[in-house]
Amino acid sequence: MAPQNNFDKEDIYVDMPAGVNPNELNMIHATSKQARSWQAVRTAVTDGPVESNTLIGGTPMIDLSSLLSLKKDVKIYAKCEYMNPSGSIKDRIAGFILQAAIDSGELKKGMTVVAATSGNTGAAIAMACALRGYDYVVITNEKCSIEKIDSMKAYGGTVLVAKAGLPADHPESYENIELAMVSKDPKKYFGVNQYGNQNNSLAYSRTLGPEIYSQTKGSITHFVAGSSTGGTLTGTARFLKTMNPEIKAVLADPKGSVLWDNFVNGVPEDQLKVGKWEIEGVGKDSIPGVLSWDVVDGAQNGDDASSFYTCREVAEKCGILIGGSSGLNLHAASVLSGKIEKGLIVTVLPDSGIKYLSKIFNDKWMDQKGFTGNEKKAEDGEIFWKSSIKKL
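So, here's what we can say about the structure. Here the structure is a predicted model, which means the values were calculated and not measured.

Conventions and cut-offs
Residues numbered from 1 in each chain as written. Predicted model: local features only at pLDDT ≥ 70, side-chain atom pairs only at ≥ 80, totals over all residues. Heavy atoms only, no water. 1 Å grid on protein atoms, 1.4 Å probe; cavity = no way out; pocket = protein on both sides within 12 Å on 5 of 7 lines; lining within 4 Å. Points joined across faces, edges and corners; volume = space filled by probe spheres on them. Nonpolar A, V, L, I, M, F, W, Y, C, P; charged D, E, K, R; others polar. Core = buried A, V, L, I, M, F, W, Y, C linked by side-chain atoms within 4.5 Å. Buried < 20%, exposed > 50% of the residue type's maximum accessible area, 1.4 Å probe, protein only. Contact = heavy atoms within 4.5 Å. Helix = DSSP H or I, 4+ residues; strand = E, 2+ residues; numbered from the N terminus. Polar contact = N/O pair within 3.5 Å; in protein donor to acceptor, adjacent residues only side chain to side chain. Pairing = 2+ DSSP bridges. Axes fitted to C-alpha atoms, helices over the stretch in contact; angles between N-to-C directions. Phe/Tyr/Trp six-rings, centres within 6.5 Å; stacked < 30°, edge-to-face > 60°. Lys NZ or Arg CZ within 6 Å of the ring centre and 35° of its normal. Salt bridge = Lys/Arg side-chain N within 4 Å of Asp/Glu carboxyl O.

## A closer look at the layout of surface pockets
Estimates place the volume of the largest pocket at around 580 Å³. Around the largest pocket, the lining comprises 27 residues; the ones closest to its centre are Asn141, Lys143, Gly165, Trp277 and Asp285. The class makeup of the residues in the lining of the largest pocket is 11 nonpolar, eight polar and eight charged.

Next comes the structure, spelled out in structure tokens:
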């Protein structure tokens, strides 16, 4: 029996403020021409068999307040983005970017898709290419876990592993390898360019933002997210602020990333100095073109040890295996909960701890890196707010 898709196009899932076109808020899966809300997607899943691309988005939201919130009147909710089919939040952008390129004629049959990635986008692009019949080459670096490298290979394409820690302008950095391949043979290669492609943030404005607003019934007060491409933070915050300008967006950034100094200290991009950090998929050695500081209100400077400790704590007390960027987000949300009197903080759990069994959940690795026992209490953390903000 062929998979069935039962979607009601009129299924609108948020109360629209004046001046907002409800058609623009419908979730559009880039793997299909059919527009549908995420509730309709989940209804189809429970009603019977569906196509695999239907599983993107519509992720559950869990309440972690009892474990992480420092005040009883502050709630902390988290979106389980690891439940997307390739295992991460990046499924939201992969199909969206590819379908936009197909529709515009930029990506043609017979071309090979090329993507530079810290890991999760590579697996998501690989999956999206497999669904559409395109060959792919994904380029990551040596910092990427073996689990993520293997997942990128599993869909049948090519994975290149570049050196880690190279300057952003080095020709052998993983981003520049993508650019060089596309520049050399633009008729053969289509570059995803996730760090500069505006369809990255648009995918989140169309999907993640509406889901969060709907699942919280519009009561969200703060959105917390780490950033690498800038898509999740920028796109989601932009949508949420369209619905309610009072919602605050907070960057969670690991120590060593240049995003903190650029946002908090105003250090010009050409003067930024890159440090080192172990959390994968967040933080950056340069300022990505997708990131827009105009929708960001505050920032929290996290660290490896506290992020990984949070991952382990959530596993041991909540039975959920999450990746390092999830730990970074949750620690920042916990810090934030101690700085406001009441509210609803929402963050994302970008990927699963299954991808980091050889690292975060490996005692030997944690000891060798010096992370064991060096976590910081959320009570001691700080949030930087833009000077224009008068009250939280």
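And the narrative resumes.
## Quick word on the nonpolar core
Ranked by internal contacts, the top residues of the largest apolar core, which has 58 residues, are Leu98 and Val113. Discounting residues that sit within four places of it in the chain, valine 113 has contacts with Leu98, Leu107, Ile125, Cys129, Tyr134, Asp135, Tyr136, Val137, Phe190 and Val192. The next biggest cluster of nonpolar side chains, apart from the first, holds 37 residues, and it includes Leu64, Val74, Val250 and Trp385.

## Looking at the side chain of threonine 140
Within the secondary structure, threonine 140 is located in strand 4 (residues 135-141). On the basis of relative accessible area, threonine 140 is assigned to the buried category, the value being 0%. Looking at threonine 140, its side chain comes within polar contact range of the main-chain oxygen of threonine 117, at 2.9 Å. Once residues within four sequence positions are removed from consideration, threonine 140 is found in contact with Thr117, Ser118, Gly119, Ile149, Met152, Val159, Leu160, Val161, Ala162 and Tyr174.

## Things to note about the sheet that holds strand 2 (residues 74-79)
The mixed open sheet is built from seven strands, whose spatial order is 1-2-10-7-8-9-11. In this open sheet, the two strands that pair with only one neighbour each are strand 1 (61-63) and strand 11 (384-385). Bridge analysis of strand 8 (residues 248-254) against strand 9 (residues 298-302) gives five bridges, and the strand direction is parallel. Looking at strand 9, one finds that proline 254 is bridged to glycine 302.

## Notes on the sheet that holds strand 4
Strand order in this open sheet of four strands is 5-4-3-6, and the pairing throughout is parallel. For this open sheet the edge positions go to strand 5 (158-162) and strand 6 (189-191), each flanked by a neighbour on one side alone. Strand-to-strand twist of the sheet, defined as the mean angle between neighbouring strand axes without regard to direction, takes the value 25 degrees. Examined bridge by bridge, strand 4 and strand 5 share five bridges and lie parallel to one another. The residue bridging isoleucine 139 from the neighbouring strand is leucine 160, located in strand 5.

## Section: the packing of aromatic side chains
Scanning the entire structure with this criterion turns up five aromatic pairs. Ring centres of phenylalanine 308 and phenylalanine 371 lie 5.4 Å apart, and the angle between their planes is 70 degrees; on these two criteria the pair is classed as edge-to-face. With phenylalanine 308 in helix 11 (residues 304-318) and phenylalanine 371 in the loop between helix 13 (363-369) and strand 11, the pair connects residues that are 63 residues apart, well separated along the chain. Across this residue pair, the class does not change: phenylalanine 308 and phenylalanine 371 are buried. Three or more aromatic residues joined by ring pairs form one cluster here, namely Phe263, Trp293 and Phe384. The lysine or arginine in question, lysine 284, covers the ring of tyrosine 195, its NZ or CZ lying 4.4 Å from the ring centre.

## As for the pattern of salt bridges
Counting across every chain of the model gives 15 salt bridges. Here aspartate 73 and lysine 72 are joined by a salt bridge, their closest N and O atoms 3.6 Å apart. Judged by its relative accessible area of 74%, lysine 72 falls in the exposed class. Lysine 317 is paired through a salt bridge with glutamate 313; the nearest N and O atoms lie 3.4 Å apart. Taken together, the residues lysine 317 and glutamate 313, both in helix 11 and four residues apart, mark about one turn of the helix. For glutamate 313, a relative accessible area of 15% translates into the label buried. Residues joined by salt bridges that share partners form a network here, namely Lys79, Glu81, Arg92 and Glu211.

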